[in-house]
Each structure stands twice: as structure tokens, then as C-alpha cells.
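Single-letter residue listing:
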Amino acid sequence: MNHFQRRDGELFAEEVPLAALAAAHGTPLYVYSTATLTRHWKVLEGSLRGLRHLTCYAVKANSSLAVLSLLARLGAGFDIVSGGELYRVRKAGGDPRKVVFSGVGKRDDEVAFALEAGVRVLDVESAEELARVSIVARRLGKRAPVALRVNPDVDPRTHPYISTGLKGNKFGVPVEEALRLYALAARDRALRIRGVAMHIGSQVTELAPFLDAIARMRGLVDELRRQGIAVGHLDIGGGLGIPYEESEEPPHPDAYGAAVKKALRGFGGEVLLEPGRLLVGNAGVLVTRVLYRKRNGRKRFVVVDAGMNDLVRPAMYGAFHAIEPVGPPAAAEITCDVVGPICESGDFLARGRRLPEPEAGDLLCVRSAGAYGFAMSSQYNARPRAAEVLVDRDRVLLARRREAYPDLVRGESARPRPRRFGPRRGLR
Ligand SMILES: *Cc1c(COP(=O)(O)O)cnc(C)c1O
């Protein structure tokens, strides 16, 4: 359920017509719904009632301050993958003690930033990283709270680019190596073992891979406890999929919550979760304007003002996004590719799609764009990034103003005679 519904033929975001938002803020425009995001949060939390847990929203799915701030007010923790995401979480009023720092390539400065901020745990992904975290912690006179991200070697049966829990992925350490690393960490006074972590992939549309992976992690937790290593939490990651098409039926969060609770019965610790897409995916849409229609041979194209720089998922994963007119749909339908203005043949939002025939100037709504939409956008082709608004009933927050041309060159210089480079002038 989301709050982007039609009223008298017109698409609304809660109580505000999308057309009015486009008129006020231009296109392409990301529109998020407070009620939808809040509802997704409450449904997931409801499904976990009775389980000692902390839900840490995966910031990379949508790191807009307005979204982070809303989630922080709902009580969320945060799963971050960079120092920049920690900066954003703090700017949005998030509590660092509820932050999990994931990611396969943390730099020393990022580890130090996280330790100074007092994050809950760093999820370590290799022997070398464990050693670096220890060195940085000692340098700061701190004990680093750590968990190992373990690769459970299960196939989440999702797109290969978003599958992370299989042997041969770059993520995590194998179960066998984890035992050895935990023993090392237990003897290191600069480290404090907090728990065990996993994350098997994204847009997972079955429960079985989660349950297989949890079962393997419980085996590891039992073994660690036999060896006298305290495991305070088990982080089961994120990855639950959402329906992008009406025909898709990923497990409902209620089914997920019930299965997770059952699989974790008797665990006797805290459970961490890291959902991203599930919370924000269907809480956002991308509004774009039709520029032209054209035919090349037998193919019909609808050229819109949003490109792969605004929403890369179709180009990158061949992902499907439902597209519909913002205004009353025309009676006649066409089959077309919906393409952007970027100079790449991979620049499309939809291929071979049936649509009510649009005209130049019409607005289209690209659904399920709240996750990995704006967050993955770029300025490719020197296109200023889109604006973002957050709707709350009849109120509208401009969460991020549209970039202007000067934003494209901020921080750049093109001096004809650069300064001499060397120790005298210091490294610049
Ligand atoms: C990306 C990511 C998530 C969130 O994945 P979703 O599919 O958006 O739920 C959670 N944990 C980690 C470590 C991630 O990298």
C-alpha cells in the first residue's frame, strides 16, 4: 500500500497533486510520501513485535536528510557504508549509538570517524580490516566494537549485481575463517566483540535464502559460545524485496517477521536488521515530462526529461519500474521505449512498454523510485541533479533544491598555470 493514488483521474502524493508539485518544482522531480514511509516502518516493526531487535535502515538506499530525519524520529537505527553516510545520519539527528558501519573497504579516517562518533558496531569483512581497525582504535585509545560479516554462502536468487552472500562475492568472510578471526579478536584488547553479521543480497523475493542463512549463522554463534566468545547480537542484514510489478509478490513483511522470529527462537541476544529498499522503495516516485515522441523504423520512442543519470536502475540492472501518466490516462495505448536525453543507448526507463499514448508536455510518474533512485544519481552529461520533495498530507518540504549550473562546477578549477607541486608548497 502506498499513498500515490488517483483522484478524479489525477495522480496525487497524499493530498497534493503530482502535477502541482511538478509545476512548482520542475521536472525531473523525486517525490516521497511521509505516510507511506511511516506505514512501511510500522508494518515491519509490528511484524517483529516480541523480538528484542533494532532496525537499522540501510542509508545507501536513500540518504536524503529529510528521509533520514523522519526515520530517526520513528526510532530507527542506521546501517552505513561510508564516513559520508555517518555525516549524513548525524546531520539528520540520528543516534550514532544505533549505527552499524558496514562495507568492504573502510579507510582509516572513516574507521576513526566512526569510533570517535561512538557507533554501535563496525562490521568487519576481512583479516586485514580487523587488524587495521585494531590499530586505529589503539591509536585513539579506544576499544572498537566489532562484528564479523560472515558470508553464509547461500544463493538469494536475485540479480547477480545485488547478490552478496555467495562464495565468490567480495563480501564477508567464509564461516571457517570467521572462527579463526573471532579467536584473534577475542585476544585483542583494542577490540570488543559485539556480534555476528550477514547480508545476503538485495531484492530477495523468497524467504528460504534468509532462513538458510540464519540457520548457518546460528550454527556459528553456537560454536563461538562453546569457545567462550560472547555473541551479543546477530545482524541478519536487509534485502527483503518489494513489488515493482503487480504480478510480483515478494513475501509480506508479516511473513518475513514471523519466519525470522521462528528461526531465531532461543537465540538469547539482540537481533539487528538492515532493511533499505523495503522501507523507502515504494515511498517514492520520479515525475518526468514527455519532451518528444518519435519513430525509428518500427520502433516508437517516448523521450522524457529524466535519464539514466537520474534513475540508473533500468540501465544498470535491467530493472522494471511501472510508469503511468500523471493526468487522466488517454484511451489509446502504444508500445514504446521510454528513453532519456543521455547519449547512451542504455539510457532507458522502460523498454517495449504498453502505455496510454502520451503527448509532448505530459507528465509521467515512474513508480517505486524511492530506493536506489536519487541516491544513485549523477551529473553525467553535465545534468544538474533533480529536486526532491517530501509530502506530508497537504504539506510539502523541498528536501533538496534542484541543482543549478554553478553546482556542476563547484570545487573545480582550470587555472592555465597551476602551482608548482612539491614539498615546499606542501602536498595539495
Ligand atoms: C545494501 C545493504 C543493505 C540494504 O539492502 P536492501 O536490499 O535495500 O534492504 C543492508 N545491509 C548491507 C550491508 C547492505 O550493503
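Given the structure is predicted, the values throughout are model-derived calculations rather than measurements.

Parameters and conventions
Residues numbered from 1 in each chain as written. Predicted model: local features only at pLDDT ≥ 70, side-chain atom pairs only at ≥ 80, totals over all residues. Heavy atoms only, no water. Phe/Tyr/Trp six-rings, centres within 6.5 Å; stacked < 30°, edge-to-face > 60°. Helix = DSSP H or I, 4+ residues; strand = E, 2+ residues; numbered from the N terminus. Buried < 20%, exposed > 50% of the residue type's maximum accessible area, 1.4 Å probe, protein only. Lys NZ or Arg CZ within 6 Å of the ring centre and 35° of its normal. Near = heavy atom within 4 Å. Polar contact = N/O pair within 3.5 Å; in protein donor to acceptor, adjacent residues only side chain to side chain. Areas by Shrake-Rupley, 256 points an atom, 1.4 Å probe, with all protein chains shown as cover. Nonpolar A, V, L, I, M, F, W, Y, C, P; charged D, E, K, R; others polar. Domains from an automatic or database assignment. Contact = heavy atoms within 4.5 Å. Buried area = accessible area lost by both parts, 1.4 Å probe. Salt bridge = Lys/Arg side-chain N within 4 Å of Asp/Glu carboxyl O. Pairing = 2+ DSSP bridges. Core = buried A, V, L, I, M, F, W, Y, C linked by side-chain atoms within 4.5 Å.

Moving on, we come to the packing of aromatic side chains. Taken as a whole and assessed by the stated rule, the structure comprises four aromatic pairs. Relative to Phe78, the ring of Tyr57 lies with its centre 6.5 Å away and its plane at 80 degrees, an arrangement referred to as edge-to-face. One end of the pair, Tyr57, is in strand E5 (residues 53-58); the other, Phe78, is in strand E6 (residues 77-80), with 21 residues separating them in the sequence. Of the two residues, Tyr57 and Phe78, both sit in the buried class. Taken together, the ring pairs connect Tyr30, Tyr32 and Phe374 into an aromatic cluster. Over the face of the ring belonging to Phe101 we find Lys106, whose NZ or CZ atom lies 5.4 Å from the ring centre.

Residues in contact with the ligand amount to 15 residues; listed here are only the nearest, Lys60, Ser202, Glu274, Arg277 and Tyr372. Side-chain polar atom of Asp79 to a nitrogen atom of the ligand: 3.2 Å apart, as the coordinates give it. Contact distances for the ligand include 2.8 Å between an oxygen atom and a backbone N or O atom of Gly239. Relative to its unbound accessible area of 390 Å², the ligand is 94% covered by the protein chains. Of the residues assigned to the shell around the ligand, the class counts are three nonpolar, seven polar and five charged.

Often the size quoted for an interface is simply the accessible area lost on bringing the parts together. Taken as a whole, the protein chain is organised into domain 1 (4-31 + 282-408) and domain 2 (103-273). When each unit is reduced to the centre of its C-alpha atoms, the spacing between domain 1 and domain 2 is 36 Å. The interface is formed by nine residues belonging to domain 1 together with eight residues belonging to domain 2. When domain 1 packs against domain 2, the two sides together hide about 760 Å² of surface, and 57% of this comes from carbon and sulfur. Summed over the shared surface of domain 1 and domain 2, the number is zero salt bridges. Across the contact surface, domain 1 and domain 2 share one residue pair in polar contact (both at pLDDT 80 or more). Of the residues belonging to the side of domain 1 that touches domain 2, the class tally is five nonpolar, three polar and one charged.

With that out of the way, let us pick up the environment of Gly219. Within the secondary structure, Gly219 is located in helix H8 (residues 208-226). Each C-alpha atom of the pair Gly219 and Leu11 lies 50 Å from the other, and the pair is 208 residues apart in sequence.

On to the side chain of Thr36, then. Structurally, Thr36 can be placed in helix H2 (residues 34-47). Of the residues examined, Thr36 reaches a relative accessible area of 0% and is grouped as buried. Not counting residues up to four positions away in its chain, the partners in contact with Thr36 are Met1, Asn2, His3, Glu14, Asn282 and Ala283.

Through backbone hydrogen bonds, the strands of a sheet pair up, either in parallel or in antiparallel fashion. With respect to topology, three strands assemble into an open sheet ordered E1-E2-E3, the strand pairing being antiparallel. This sheet does not close on itself; its edge strands, each paired only once, are strand E1 (6-7) and strand E3 (16-17). Relative to strand E2 (residues 10-13), E1 runs antiparallel, the two sharing two bridges. In the sheet register, Arg7 faces E2, and the bridge partner there is Glu10.

Core analysis: the biggest nonpolar cluster contains 98 residues, and Tyr57, Phe78, Val196, Ile236 and Val338 have the highest contact counts within it. The two domains that each donate at least three residues to this core are domain 1 (4-31 + 282-408) and domain 2 (103-273). Beyond its immediate stretch of four places on either side in the chain, Val196 contacts Ala147, Leu148, Val150, Tyr182, Met217, Leu220, Val221, Leu224, Val231, His233, Leu234 and Asp235. The next biggest cluster of nonpolar side chains, apart from the first, holds 17 residues, and it includes Ala22, Val285, Leu363 and Ala387.

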